[in-house]
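One-letter residues, chain by chain:
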Amino acid sequence: MPSTTLQWLTLVGIIWLQAINGTNTDFPAYSSQLKQLLSISQVQLNNLAFASDAGKLFGWFSGLASLYLPLWLVLMIGSTLGLIGYGVQYLFITNQIYSLSYWHVFLLTFLAGNSICWINTVCYVVTIRNFLSYSQVAVGLTTSYQGLSAKIYTNIVDAVSPHKKAGTFLFLNSLLPVIVGLITAPLVREIEVTSPNKYTGFGFAMMFVITIATGIYAVMSSLHFFTSKIPSLGILIGILVSLLFPLLVPISVKIKELVESWNKNRERLRVYHLTMEENINVEVTENEVKEGEERREVQEEVSVREEIGVKLMLRRIDFWLYFFVYLFGPTIGLVFLNNLGQIAESRGCSGTSSLVSLSSSFGFFGRLIPSLMDYFYRGKRTISRPASMVAVMAPTSCAFFLLLNKTDLALYISTAVIGVCTGTITSLAVSITTELFGTKHFSVNHNVVVTNIPMGSFLFGCSAALIYHKEGHEHGKCMGMECYRNTFIIWGSFCFLGTFLALILHARTRKFYSQKS
């Protein structure tokens, strides 16, 4: 049986991949400068944000590829697509090539957005397969690090090139996923675990301590009183060092394995401890039987639903309820974050980078919350995931209406709330897809679910851009609260509708979740 150390190393590799895979989340940090460099309108800029999300329309290609190709190859395909999509844009922005039109940039942005799906698919598949009994915990924990992507990229740019943001962001977006992909490719693979890992509880407990500490540092380093005292380079070094801390988990597990192996060998040499040795063996056997039964229950539960493919899923009412809840919740949240640069500019707020870092940091904690709940309430009767979505959708809607207040404080509070809630539902969605439709076709099914993101990005983003353009009196730039007032009312109203649909989904799936718990 392979060492459990390798199993945990795969999780560390996934964490690193997720931490740099949110390349689309740093768009608002340089969108205003990109708008000026390309000499485009707000509607055209919104179309570029849509193009990045539209890459998810073909995310199911990565799901199919993961069924037939080695996972390391799927990972490298995704990294290469990002290298081309962002890299060619970088060459154009820095005047190293001159023959690109606006629609060329649009297609390159689309390609870059699709690259994220390939890397995400690898991360989800490896995590679920290697931690089958704790899949929801592991997936939630690793995806939380994608919430840090915007902060990581923003901190690097602030430390290295604060005045040439667009070019530096595009350069980093193209190169970092390739570098990290090459480093983690040997680790990103399925580990044959023939029996439950008795170090799982210890490993996840340690991982949560590291992750929470990282999140606290991320939030603190996004606040003004912190950034005013510590230089950008110091903050960057801190966040990069925090990404190395997860390595302590496989190291600690390996040490525990060696210590236990040494103790067992010692006991075998001492005949007079035979009774003690038998008791230990009995205890270990009982634990293995118990964990084995638990794993069989999970596998039996999965096997009931694993035949649900895309065609059957699309015929289910639960899928469409789930689809529109996602559309009217986290997708609107993502559209808000994509427009954060223009929203801050129109309100006269100059701290766009700090807002992006703040939303990223709170999004990190939002993604982590479901994983923490799964871990600490494992095996206990808890609130169902659709009910959790209801609880999270409501404050999202309220946050949009709070934005009607013109103060910077309202902007910062709303950004933090929307970041947390969007991250929470994004993490919950992975678990809901596996629970309602199984794991066998997950890589394709979930990529179908998230096609609502490009749809919502176009509908909600385009309407916001048109309202912005109208209020700006066709001068290309709009200043004042009226630029987004009607947009916030529309988004908040749709979020309330999404809350109602989530309540219906909860009512329809209540029996299933009560039996499951």
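Residues numbered from 1 in each chain as written. Predicted model: local features only at pLDDT ≥ 70, side-chain atom pairs only at ≥ 80, totals over all residues. Heavy atoms only, no water.

Asks: Explain the overall build of the protein here, please?
Replies: In terms of regular secondary structure, the protein is built from 24 helices and zero strands. Expressed as a percentage of its 517 residues, the buried residues of the protein come to 57%. A separation threshold of at least 6 residues defines the contact pool for the protein, and within that pool the share at least 24 residues apart is 85%. Taken as a whole, the protein presents about 21900 Å² of accessible surface, with 66% of it coming from carbon and sulfur. (Helix = DSSP H or I, 4+ residues; strand = E, 2+ residues; numbered from the N terminus. Buried < 20%, exposed > 50% of the residue type's maximum accessible area, 1.4 Å probe, protein only. Contact = heavy atoms within 4.5 Å. Areas by Shrake-Rupley, 256 points an atom, 1.4 Å probe, with all protein chains shown as cover.)

Asks: I tried to follow the packing of aromatic side chains on my own but got confused; where do I start?
Replies: In this description, an aromatic ring pair is defined by two values, namely the gap between the centres and the angle between the planes. With the rule as written, the count across this model stands at 32 aromatic pairs. For the ring pair Phe 131 and Phe 204, a centre distance of 5.5 Å and an interplane angle of 65 degrees mean the geometry is edge-to-face. Taken together, the positions of Phe 131 in the loop between helix 6 (102-130) and helix 7 (135-144) and Phe 204 in helix 10 (residues 200-220) put the pair 73 residues apart, joining distant regions of the chain. For the residue pair Phe 131 and Phe 204, the accessibility class agrees, reading buried in each case. Between Tyr 468 and Tyr 484, the ring centres sit 5.7 Å apart and the planes meet at 50 degrees, which makes this aromatic pair tilted. Of this pair, Tyr 468 sits in helix 23 (residues 452-471) while Tyr 484 sits in the loop between helix 23 and helix 24 (485-516), placing them 16 residues apart in sequence. (Phe/Tyr/Trp six-rings, centres within 6.5 Å; stacked < 30°, edge-to-face > 60°.)

Asks: Any chance you could explain a nonpolar patch on the surface here in plain terms?
Replies: Together, Leu 233, Ile 237, Val 241, Phe 245, Leu 248, Ile 251, Ile 255 and Val 259 give the surface a local cluster of nonpolar side chains, amounting to about 700 Å² of exposed area. Elements supplying a minimum of two residues to the nonpolar patch: helix 12 (232-242) and helix 13 (248-268). The element contributing the most residues to the nonpolar patch is helix 13, with four residues. Of note, Ile 237 is situated in helix 12. (Patch = residues over 30% accessible without salt bridge, like charges linked within 9 Å, V, L, I, M, F, W, Y side chains within 5 Å. Salt bridge = Lys/Arg side-chain N within 4 Å of Asp/Glu carboxyl O.)

Asks: So what exactly am I meant to see when it comes to the packing of helix 1 (residues 4-21) against helix 6 here?
Replies: Axis angle and axis distance: for two packed helices, these are the angle between their axes and the distance between the axes, and together they describe the pair. Orientation of helix 1 relative to helix 6, taken along the N-to-C sense of each, is 155 degrees, at an axis distance of 10 Å. With respect to helix 6, the axis of helix 1 lies roughly antiparallel. For the element pair helix 1 and helix 6, the recorded crossing hand is left-handed. Note on element contacts: helix 6 touches helix 1 through Ile 116, Ile 119, Asn 120, Val 122, Cys 123, Tyr 124, Val 126, Thr 127 and Asn 130, opposite Gln 7, Thr 10, Leu 11, Ile 14, Leu 17, Gln 18 and Asn 21. (Axes fitted to C-alpha atoms, helices over the stretch in contact; angles between N-to-C directions. Parallel < 35°, antiparallel > 145°, perpendicular 65-115°, else oblique. Left-handed = near helix turned anticlockwise from the far one by under 90°.)

Asks: Just to check I follow, could you spell out the state of the cysteines for this structure?
Replies: What we call a disulfide is simply a covalent bond connecting the sulfur atoms of a pair of cysteines. Going through the model one piece at a time under the given rule, you end up with one disulfide. A disulfide bridge connects Cys 478 with Cys 483, and the sulfur atoms are separated by 2.0 Å. One disulfide, between Cys 478 and Cys 483, carries an S-S torsion of -95 degrees and so falls in the left-handed class. (Disulfide = S-S within 2.5 Å.)

Asks: So what exactly am I meant to see when it comes to the packing of helix 16 (residues 317-327) against helix 21 (residues 408-437) here?
Replies: It is at 12 Å that the axes of helix 16 and helix 21 come closest, and there the two elements cross at 175 degrees. It follows that helix 16 is roughly antiparallel to helix 21 by the angle criterion. On helix 21, the residues touching Phe 319, Tyr 322 and Tyr 326 of helix 16 are Thr 426, Ala 429, Ile 432, Thr 433 and Phe 437.

Asks: Sorry if this is basic, but what is going on with unusual backbone geometry here?
Replies: Residues other than glycine seldom take positive phi values, yet Ser 39 does so here, at roughly 55 degrees. Residue placement: Ser 39 occurs in the loop between helix 2 (27-38) and helix 3 (42-54). Judged by relative accessible area, Ser 39 falls into the exposed class, the value being 65%. Positive phi is not limited to glycine here, since Asn 95 has a value of about 65 degrees. Summarising the element assignment, Asn 95 is placed in the loop between helix 5 (71-93) and helix 6. Judged by its relative accessible area of 49%, Asn 95 falls in the partly exposed class.

Asks: Just checking my understanding: could you explain the pattern of salt bridges for this structure?
Replies: A side chain with one charge may pair with a side chain of the opposite charge, provided their charged atoms come close. Scanning the model with the defined rule gives four salt bridges in all. Residue Asp 53 pairs with Lys 56 through a salt bridge whose shortest N-O separation is 4.0 Å. Put simply, Glu 435 and Arg 385 hold a salt bridge, and the shortest N to O gap is 2.6 Å. Within this pair, whereas Glu 435 is found in helix 21, its partner Arg 385 is found in helix 20 (residues 385-402), the two being separated by 50 residues in sequence.

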